[in-house]
Amino acid sequence: MTIRLVLLGRQGSGKGTQGARLAVHYGIAHISTGEMLRNAIKHDSPVGRVVKDVIDQGRLVADDLIASLVKGRLGEADARTKGYLLDGFPRTLPQAHAMDEIARARPVNIVVDLEVPREVVMARLSARLAAEGRADDSPAAVEQRLALYEQQTAPLIAHYRRQGTLAVVDGLGTPDEVFARLVSVITSTTGVQGAGGDGKASR
Ligand code: AMP
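Thresholds, definitions, all that
Residues numbered from 1 in each chain as written. Predicted model: local features only at pLDDT ≥ 70, side-chain atom pairs only at ≥ 80, totals over all residues. Heavy atoms only, no water. Helix = DSSP H or I, 4+ residues; strand = E, 2+ residues; numbered from the N terminus. Rg over C-alpha atoms; globule rule 2.2 N^0.38 Å. Buried < 20%, exposed > 50% of the residue type's maximum accessible area, 1.4 Å probe, protein only. Salt bridge = Lys/Arg side-chain N within 4 Å of Asp/Glu carboxyl O. Near = heavy atom within 4 Å. Polar contact = N/O pair within 3.5 Å; in protein donor to acceptor, adjacent residues only side chain to side chain. Areas by Shrake-Rupley, 256 points an atom, 1.4 Å probe, with all protein chains shown as cover. Phe/Tyr/Trp six-rings, centres within 6.5 Å; stacked < 30°, edge-to-face > 60°. Lys NZ or Arg CZ within 6 Å of the ring centre and 35° of its normal. Pairing = 2+ DSSP bridges. Axes fitted to C-alpha atoms, helices over the stretch in contact; angles between N-to-C directions. Contact = heavy atoms within 4.5 Å.

A. Representation of the overall build of the protein chain. A count of helices and strands for the protein chain gives ten helices and five strands. Taken over C-alpha atoms, the radius of gyration comes to 16 Å for the protein chain, in line with the 17 Å a tight globule of 203 residues would show. Principal axes of the C-alpha set define a box for the protein chain whose edges measure 40 × 35 × 35 Å. Burial status across the protein chain gives 44% buried among its 203 residues.

B. Fine view of the pattern of salt bridges. Following the criterion strictly, the structure yields 15 salt bridges and no others. Two residues, Arg21 and Asp176, come together in a salt bridge whose shortest N-O distance is 3.0 Å. Placement of Arg21 in helix H1 (residues 15-26) and of Asp176 in helix H10 (residues 175-190) is noted, with a sequence separation of 155 residues between them. You can call Arg21 buried: its relative accessible area is 7%. Residue Arg145 pairs with Asp136 through a salt bridge whose shortest N-O separation is 4.0 Å. Considered together, Arg145 and Asp136 belong to a single accessibility category, that of buried residues. Look at the salt bridges and you will find they share partners, linking Arg128, Arg134, Asp136, Asp137 and Arg145 into a network.

C. Fine view of the site of the ligand. Around the ligand, 16 residues are found, and the nearest of them are Thr33, Arg38, Arg59, Gly88 and Gln95. At 3.0 Å from an oxygen atom of the ligand is found a side-chain nitrogen or oxygen belonging to Arg38. The fraction of the free accessible surface of the ligand (480 Å²) that becomes covered by protein chains is 96%. Ranked by residues supplied to the shell around the ligand, first place goes to helix H2 (residues 33-42) with four residues.

D. Spatial organisation of the packing of aromatic side chains. In this structure the tally under the stated criterion is zero aromatic pairs. Lying across the ring of Phe179, Arg21 places its NZ or CZ 4.4 Å from the centre.

E. Structural view of the sheet that holds strand S3 (residues 83-87). Strand order in the open sheet made by the five strands is S2-S3-S1-S4-S5, with parallel pairing throughout. In the strand order of this sheet, the two ends are held by strand S2 (29-32) and strand S5 (166-170), each with one partner. Each strand axis lies, on average, 20 degrees off the axis of its neighbour in the sheet, ignoring direction. Bridging between strand S1 (residues 3-8) and strand S4 (residues 110-115) involves four bridges; their strand directions are parallel. Bridging across to S4, Leu8 finds its partner in Asp113. Those strands touched by H2 are S2 and S3, and its axis lies near 65 degrees from that of S2.

Below you can see the structure in the form of structure tokens.
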């Protein structure tokens, strides 16, 4: 079986870090829409120019723009043959419906909600602002991003629960503890063992 996974979680839930480790562990493509957009901005591409202000303010990029970027990326060879982990998409119900359509032939087989309370992610994001200086980690942008998560992304949890693909994982604890929990749920749901190690940069 090929893993096609959607990882949901608030900004600062550890989704990016865990997503990268899981992708190495299972040998699948790690597709982060936030990273794709930040790269587009870095290279000053046409997409980058359209999205820069939206991202800096912590707002969401238009559904059809992001859906077409994801559709293109999922059509690439690695995602088709090895499977993938989607991090940061879908983020709204229209995007979830677009994703159902994009993946119609080969549907997503597991959606993981990495659950970390709002107060905890606020503290983590202010630490990340100090360390990385991302404009969208400023207090105003973080407020905005978390509010959008509650309004737009939280309803996806019900969508995927209805589809029967949802698994909720507790995101509190050390990164290693959370990783072990994720692997245990993903392996038991998909039957895929994963042999690629834990994805830590030091190994
Ligand atoms: P992230 O790294 O996932 O937090 O994404 C950073 C920013 O990119 C978000 O705050 C949005 O402005 C934009 N973005 C990323 N993914 C999406 C998406 N699926 N829909 C709309 N905007 C997105």
